[in-house]
Amino acid sequence: MIIEPRTRGFICLTSHPVGCEQNVKDQIAYVQSKGKIEGAKKVLVIGASTGFGLASRITSAFGSDAATIGVFFDKPASEGRPASPGFYNTAAFEKEAHAAGLYAKSINADAFSNDVKKQVVDLIKEDLGQVDLVIYSLASPVRTHPETGKRYKSVLKPIGEVFSNKTVDFHTGNVSEISIKPAEGDDVANTVTVMGGEDWKMWMDALQAENLLSEGATTVAYSYIGPEVTKPVYRNGTIGAAKDDLEATAFKITEELKSIGAKAYVSVNKALVTQASSAIPVIPLYISLLFKVMKEKGIHEGCIEQIQRLYSERLFGGDLALDEKGRIRVDDWEMRKDVQAEISKLWEEATTENLSEIGDLEGYSNEFFKLFGFKVAGVDYDADVNELVEIPSIQ
Ligand code: NAI
Ligand code: NA
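Residues numbered from 1 in each chain as written. Chains lettered and ligands numbered in written order. Predicted model: local features only at pLDDT ≥ 70, side-chain atom pairs only at ≥ 80, totals over all residues. Heavy atoms only, no water.

Under an unreviewed UniProt entry, the name given to the chain is Enoyl-[acyl-carrier-protein] reductase [NADH], and the organism recorded is Tenacibaculum aiptasiae. As its UniProt record puts it under Pathway (unreviewed entry), the chain is described as follows: "Lipid metabolism; fatty acid biosynthesis." According to the UniProt record, the Subunit (unreviewed entry) comment for the chain is "Monomer." (UniProt positions renumbered as here; feature names shortened; annotations may be inferred.)

Trainee: Help me understand the UniProt feature "active site" (unreviewed entry) in the chain in this model?
Mentor: Mapped onto this numbering, the UniProt entry annotates "active site" (unreviewed entry) at Tyr234. Mapped onto the elements, tyrosine 234 comes out in the loop between strand S11 (213-223) and helix H7 (238-256). For tyrosine 234, a relative accessible area of 8% puts it in the buried group. Among all residues touching tyrosine 234, those that are not within four sequence positions of it are Tyr224, Ile225, Ile239, Gly240, Lys243, Ile280 and Ile283. (Helix = DSSP H or I, 4+ residues; strand = E, 2+ residues; numbered from the N terminus. Buried < 20%, exposed > 50% of the residue type's maximum accessible area, 1.4 Å probe, protein only. Contact = heavy atoms within 4.5 Å.)

Trainee: Hey, could you run me through the UniProt feature "domain: Enoyl reductase FAD binding" (unreviewed entry) in the chain in this one?
Mentor: The UniProt record marks residues 322-385 with the feature "domain: Enoyl reductase FAD binding" (unreviewed entry), using the residue numbering of this structure. Taken as a whole, residues 322-385 contains 42% helix and 3% strand, while its terminal C-alpha atoms sit 46 Å from one another.

Trainee: How should the coordination of the sodium ion (ligand 2) be read in this particular structure?
Mentor: Working reference: metal with six octahedral donors, ideal angles 90 or 180 degrees; metal with four tetrahedral donors, ideal angle 109.5 degrees. Within the protein, Gly47 (O), Thr50 (O), Gly53 (N), Ser137 (O) and Ser137 (OG) serve as the donor atoms for the sodium ion (ligand 2), at 2.8 to 3.2 Å. Sequence spacing of the donors to the sodium ion (ligand 2): G-x2-T-x2-G-x83-S. The class of threonine 50 is partly exposed, set by a relative accessible area of 37%. Overall, the relative accessible area of 0% leaves glycine 53 in the buried class. (Donors = N, O, S within 2.8 Å, 3.2 Å for Na, K, Ca; no water.)

Trainee: I would appreciate a short explanation of the nonpolar core in the present structure.
Mentor: When a protein is soluble and globular, its nonpolar side chains tend to lie buried together. Core analysis: the largest hydrophobic core is formed by 85 residues, its most contacted members being Ile58, Phe62 and Leu355. Considering every element that reaches this core, the biggest residue donor is helix H9 (residues 283-296), with nine residues. Here isoleucine 58 is in contact with Val24, Gln27, Ile28, Val31, Gly63, Phe93 and Ile304, once residues within four sequence places are set aside. Membership of the second largest hydrophobic core comes to 35 residues, among which are Leu138, Trp203, Ala250 and Ala264. (Core = buried A, V, L, I, M, F, W, Y, C linked by side-chain atoms within 4.5 Å.)

Trainee: I would appreciate a short explanation of the pattern of salt bridges in the present structure.
Mentor: Charged atoms that come close allow side chains of opposite charge to pair. Applying the stated criterion to the full structure yields 28 salt bridges. Across the pair aspartate 338 and arginine 336 runs a salt bridge, and its minimum N-O distance is 2.9 Å. Close ionic contact of glutamate 349 with lysine 345 constitutes a salt bridge, the shortest N to O distance being 3.8 Å. Taken as a pair, glutamate 349 and lysine 345 lie in helix H11 (residues 337-349) at a separation of four residues, close to a single helical turn. Of the residues examined, glutamate 349 reaches a relative accessible area of 35% and is grouped as partly exposed. (Salt bridge = Lys/Arg side-chain N within 4 Å of Asp/Glu carboxyl O.)

Trainee: For this particular structure, what's the right way to read H9?
Mentor: Every α-helix carries 3.6 residues per turn, so stepping three or four residues along brings you back to the same face. Across its 14 residues, H9 extends 20 Å between first and last C-alpha, which sits within 8% of the 20 Å expected from 1.5 Å per residue. Across the 14 residues that make up H9, a large majority, 11, are buried. Within the span of H9, buried status applies to Ile283, Pro284, Leu285, Tyr286, Ile287, Ser288, Leu289, Leu290, Phe291, Val293 and Met294. Taken together, the buried residues of H9 touch strand S9 (163-169), helix H8 (275-278), H11, helix H12 (355-358) and helix H13 (361-370). After H9 finishes, the residue glycine 298 shows a positive phi value of roughly 70 degrees. (Expected span 1.5 Å × (residues − 1).)

Trainee: Explain the packing of aromatic side chains to me, please; I cannot follow it from the model alone.
Mentor: The relation between two aromatic rings is expressed through the spacing of the ring centres and the mutual angle of the planes. Per the counting criterion, the structure on display carries 11 aromatic pairs. Ring geometry for phenylalanine 170 against tyrosine 364: centres 4.7 Å apart, planes inclined by 45 degrees, an arrangement best described as tilted. Note that phenylalanine 170 is positioned in the loop between S9 and strand S10 (174-180) and tyrosine 364 in helix H13, a separation of 194 residues in sequence. Like phenylalanine 170, the residue tyrosine 364 is buried in the burial classification. Taken together through their ring pairs, the aromatic side chains of Phe10, Phe170, Tyr364, Phe368, Phe369 and Phe372 make up a single cluster. Positioned above the aromatic ring of tryptophan 333 is the side chain of arginine 309, whose terminal nitrogen or guanidinium carbon lies 3.6 Å from the ring centre. (Phe/Tyr/Trp six-rings, centres within 6.5 Å; stacked < 30°, edge-to-face > 60°. Lys NZ or Arg CZ within 6 Å of the ring centre and 35° of its normal.)

Trainee: Please clarify how the site of ligand 1 should be interpreted in this entry.
Mentor: Around ligand 1 sit 26 residues in total, of which Ser49, Thr50, Ala111, Lys243 and Leu272 are the nearest. Contacts to ligand 1 include glycine 51, whose backbone N or O atom sits 3.5 Å from an oxygen atom. Between ligand 1 and alanine 111, the relevant distance is 2.7 Å, taken from a nitrogen atom to a main-chain nitrogen or oxygen of the residue. If ligand 1 stood free it would expose 840 Å²; the protein chains cover 89% of that surface. (Near = heavy atom within 4 Å. Polar contact = N/O pair within 3.5 Å; in protein donor to acceptor, adjacent residues only side chain to side chain. Areas by Shrake-Rupley, 256 points an atom, 1.4 Å probe, with all protein chains shown as cover.)

Trainee: Explain the sheet that holds strand S13 (residues 328-329) to me, please; I cannot follow it from the model alone.
Mentor: Sheets are built from strands that pair by backbone hydrogen bonding, the pairs being arranged parallel or antiparallel. Reading across from one edge, S5-S4-S3-S6-S11-S12-S13 is the order of the seven strands in this open sheet, with parallel pairing throughout. Each end of this open sheet is capped by a strand with a single partner; those strands are strand S5 (104-108) and S13. Inspection of the sheet shows strand S6 (residues 131-136) paired to S11 by five bridges, in the parallel sense. Directly across from isoleucine 135, in S11, lies its bridge partner valine 220. The sheet contacts of helix H6 (residues 198-209) involve strand S3 (42-46), strand S4 (67-72), S6, S11 and strand S12 (263-268), and relative to S11 the element is tilted by about 170 degrees. (Pairing = 2+ DSSP bridges. Axes fitted to C-alpha atoms, helices over the stretch in contact; angles between N-to-C directions.)

Trainee: Help me understand helix H4 (residues 114-128), please; the structure alone is not making it clear to me.
Mentor: Here H4 contains 15 residues, and its C-alpha end-to-end distance of 20 Å stays within 8% of the 21 Å for a straight helix at 1.5 Å per residue. Within the span of H4, buried status applies to Val116, Lys117, Val120, Val121, Leu123, Ile124 and Leu128. Take H4 and look down its axis: the buried residues cluster within an arc of 165 degrees, on one side only. Turned more than 90 degrees away from the buried face of H4, the exposed residues are Asp115 and Glu126. Next to the buried residues of H4 lie S3, S4, S5, S6 and H6. (Arc of directions from axis to C-beta.)

Written out as structure tokens, the structure is:
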């Protein structure tokens, strides 16, 4: 079929298998161009099919020749209906990994469930014995709790009061004022249940119970802080409460794994265009200004550049450079004083009329479409493609 982007609001309903494959190949080429990383050799990535998790899997495999197991939740294609991008990404990743002689197996199912943890435990036992790195990179709007069966929804709201600020519709470039109502009822607790640290700890407990973590193993989960302008809706909002919980969980895990000297860290990453961040009001305007400023300064990074730097300079570079709260910071360039000062100034000036000048609206939009395999350089979008791609390790 010939596949074109079909968007509805902040989601894209279609994705392009060849474009996704090219994205994966480009990320692999980037990691290879940066040279070998003396890193972990057996790696479990939870949330492995898109964004930071995919970049982590690629960096482990092609930076350190690691065997990888990836867990994610994606939709396969059906006749005439493309798969979700993570499915195509993983199919491409496995193809490349296997061609390079690397072990790579994938599980496409709900990581929050006990069943999937058991499946991964069995797979590690059978194939790898133990793992030495676990990357936790889930981003989900919902979680069914494995013990109660109750389904929780996360929300993106400020806490305490209405938050009003500027935002942009990145499809039209229209800058407008938006007001977001504060959390109510169980919003905060529910968001913490979905995006906090409980499931990360459940994973580590399940692995440790079966002695599947090697001596001195590492686990890393990803977090975000961001600037003042997004604070009410992000870091001081419901999702921020979940990130506080995630960050606190790192210390609990480290404490619990003391006997094997394993360590849990949170890495604070840079703001990037993903499906989730496109849906948070205010953030797209911030990101479009951020990209403009960072590109001008020659310090722009995408997921793969972020994770390659995380691995080569922090995790396996001999200096974690932890902040006062014990976190790894690869948002260091985003948070630089000169970068933030320029964004604050541009933030005041931004209007519908000038945003395409003072911000990188085009870059934002291109990155959004790239998530789905569209607007990728070197791909012929007029060509008939097979949408029914399979992930090799999934029978
Ligand atoms: P993403 O949406 O690109 O990736 C999420 C992954 O989780 C996908 O592989 C998806 O299949 C998987 N997943 C979702 N629900 C699942 C389930 N129930 N079972 C199994 N797999 C499931 O997200 P992204 O942006 O890479 O986020 C990963 C982490 O990085 C999150 O903790 C996020 O808060 C954090 N982060 C994101 C930033 C951003 O700007 N996007 C900035 C800094 C941190
Ligand atoms: Na991810």
